[in-house]
Amino acid sequence: MKNYTILCLIILNIFYGYSQESKVKSGDKKYDGYAYIDAIKTYERIADKGYKSEDLFKKLGNSYYFNSQFEAAAKWYGELFALNPTPEAEYYYRYAQSLKSAGQTDKANAILNEFSTKYKNDSRAKLYTANTNYLDQIKANSGRYKIEDAGINSKYSDYGSFIYNNKIYFASARDTGNFTQRKHKWTGEYFTNIYSAGIDPTTGAASKVNKIKSLLNSRFHESTIVFTKDGKTAYFTRNNFINGKKGKDENDITLVKLYKADFDNEKFSNIVPLPFTSDNYSTAHPALSPDEKTLYFASDMPGTIGQSDIYKVSIKGNNSFGTPENIGPSINTEGKETFPQVTTENEIYFASDGHPGLGGLDVFVGQIQSNGSITDIQNLGNDINSPKDDFAYTIDPITRRGYFSSNKDGGQGSDDIYKFLETRVLKCLQELNGVITDSQSGIVLPGTELILYENQKIVKSTISNSNGEYTFAVECGKTYMVRAHKIEYETKEEMVTIGKVSGQTHLPIALDKSICKVTIGDDLGKCFGIKMIYFDLDKYNIRTEAAIDLEKILDVLNQYPNMKLDIRSHTDSRASHQYNLRLSDQRAKSTVNWLVKNGVAKNRLTAKGYGETQLVNNCSDGVNCTEEQHQMNRRSEFIITGL
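Residues numbered from 1 in each chain as written. Predicted model: local features only at pLDDT ≥ 70, side-chain atom pairs only at ≥ 80, totals over all residues. Heavy atoms only, no water.

Comments concerning the overall build of the chain
Spelled out, the test is: For the purposes of this entry, the term helix denotes a DSSP run of H or I that reaches at least four residues, the term strand denotes a run of E that reaches at least two, and both are numbered from the N terminus. In what follows, a contact means two residues having at least one pair of non-hydrogen atoms within 4.5 Å. Calculation of accessible area relied on Shrake-Rupley with a 1.4 Å probe; when residues are assessed, cover is drawn exclusively from the protein chains displayed.
The helix and strand tally for the chain stands at 12 helices and 34 strands. A fraction of 57% describes how many contacts in the chain between residues 6 or more apart in sequence connect residues 24 or more apart. Accessible surface for the chain amounts to roughly 29000 Å². Of this, 48% is attributable to carbon and sulfur atoms.

Structure, rendered in structure tokens:
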């Protein structure tokens, strides 16, 4: 991406400034001042004369990388690796990203494999190791968009978009006819200002583009503007420039800040920087939560994990704000995360080069949970994403229409804005399926009862069809237990973890034949694989699903009218001893009551709860045990006391 808004969000101390050659010093001066276009010319002239050094190749690679010229970046990072096969972690990752963008995916993955082995604690290495089949996920998430040029692009940089009151607001570096307009040394392009164009709410067609003529646009950069729903307040990104004065950091560099402005009758006034901004770090790309109580943004402020992270801050009113919070490592990596957008569906869209993608910046989406954590982060697929930089994604969750920006091939300028219609919502859909067979003969077993459990609770049940097949619709990434039961076969339980990409998870189950012989003292429940009778948490009413197992006990009691049972209920050690004893006793008696209600003589049944007094392992109070170990202690027993 060839614009300042992403590029200035980098950690300044990654730059190197040592060299004895005067020409290299000249290049360094231009490089350290972010004048990368000029730096490239100087460095390449030196390299063409045969001069070689790690510092030179790093800076040449970086100069192209930060201007999104990834093929050239890959060339010079390749020279760096030829000189030093084990540079710092950042160069492994940038080299791999550049190779992917240049279409050399296999070589990029080979570099990522080295990176993951050498820098195991880097979050990007962990993400790559956990998602080595990331291209499969990208493929599964593709084919969901109809994409068109937004109709507002120029031959210069156009990016970032916000729809308000049937207008699209965006940043552009156009207006080259104005001789007073200044070029940015970093990109070689003109500084960007905020523009707008009318948008047909039905078709999305754009009308004439107009530059906003107000105090909002200065002689430096402005970009990424958002409005409150009432239209009275705007937040936007601008170079550190207010009241005619530039602010500079300790390195004499003017960074970017978030600003707030009043908006009334198409006029902006009372422009002020937000109170948590600083001359010494950048803040950019504002996004409002649906309730407008939280502002999301990108920054490299102290505490940032990578080159830029996504933060949030509470809006308290009266021009006051809370303390910015880093939204955490589930999204933020050692790379760049930027351009957030939050929807009414508790989704957060963002651009990143730290999560596994196609190269450059890709757009991702995550789900915001009630506790603020962010889960299920997915790449949007290769409709939106490309080997270049793709970013500034915004979507209307009702119409599923929106915009994104990209410098992908085929555009009019260095960055372009595209409009889209999402034709299929991105949801991870999985089907759990399998075939039930006889373990000895291999014949299929139709009519097998299957129950799906999650965290000990029955989720669904079904019966295998005439071909022995079963299916369950399940959620991606979750772990379930499947119980298969058929008369004359031993009941079997299988744990299964569902894949994280839309598709199918196959779980065939082979059952062993069983003729259950019991005598006095045996547990009748073991004949049917009944480990426990399920109740709702902290309750002792028989659930409808639990009655399925009790029907099996009832059937045997009806077959053997002289059989007597002692029903015993046990708990694990969690909760107090007295509570567990009382709850287990109530559950045992509820089981008896159910059987009596269904025709069993009461004098054939006894019941008692033992709480946690008869643990089958050492998982007593204070002992750290797994959920599976605790589950062994939660059991129901049907002990035969008479035949």
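Describing the environment of Gly-151
Heads up, the rule is: Classification of residues uses two cut-offs on accessible area relative to the type maximum, computed with a 1.4 Å probe and protein chains only: under 20% is buried, over 50% is exposed, and between them is partly exposed.
Its place among the elements puts Gly-151 in the loop between β1 (145-149) and β2 (158-164). Taking the relative accessible area as the measure of exposure, Gly-151 reaches 51% and is therefore exposed. Taking the C-alpha atoms as reference points, Gly-151 and Gly-204, 53 residues apart in sequence, are found 9.3 Å from one another.

Notes on unusual backbone geometry
Note on backbone geometry: most residues besides glycine have negative phi, and most peptide bonds are trans. Here Asn-270, not a glycine, exhibits a phi torsion of approximately 50°, which is positive. Topologically, Asn-270 is positioned in strand β11 (residues 267-273). Residue Asn-270 is classed as exposed on the basis of its relative accessible area of 54%. Within the chain, Glu-488 stands out as a residue other than glycine whose phi angle is a positive 75°. Inspection of the secondary structure puts Glu-488 in the loop between β28 (479-485) and β29 (492-497). Residue Glu-488 is classed as exposed on the basis of its relative accessible area, which comes to 58%.

Thoughts on the sheet that holds strand β7 (residues 233-239)
Rule in force here: Only when DSSP finds a minimum of two bridges between them are two strands counted as paired. Orientation is described by lines fitted to C-alpha atoms, with helices fitted over the stretch in contact, and by angles between N-to-C directions that extend from 0 to 180 degrees.
Taken in spatial order, the 4 strands make up an open sheet running β6-β7-β10-β11, and their pairing is antiparallel. Whereas interior strands pair on both sides, the edge strands pair on one side only; in this sheet they are β6 (222-227) and β11. The sheet shows a mean angle of 25° between the axes of neighbouring strands, taken without regard to direction. Pairing analysis gives 4 bridges linking β6 to β7, with the strands arranged antiparallel. The residue of β7 that forms the bridge with Val-226 is Tyr-235.

Points about the pairing of strand β26 (residues 457-463)
One ladder, built from 6 bridges, connects strand β25 (residues 449-454) with β26; its direction is antiparallel. Across the sheet, the residue bridging to Glu-449 is Ile-463, located in β26. In textbook terms, the turn of a hairpin is the stretch between consecutive antiparallel strands, and for β25 and β26 this stretch comprises 2 residues, one of which, Asn-455, has a positive phi near 50°.

Any functional reading would require information beyond the geometric quantities listed.
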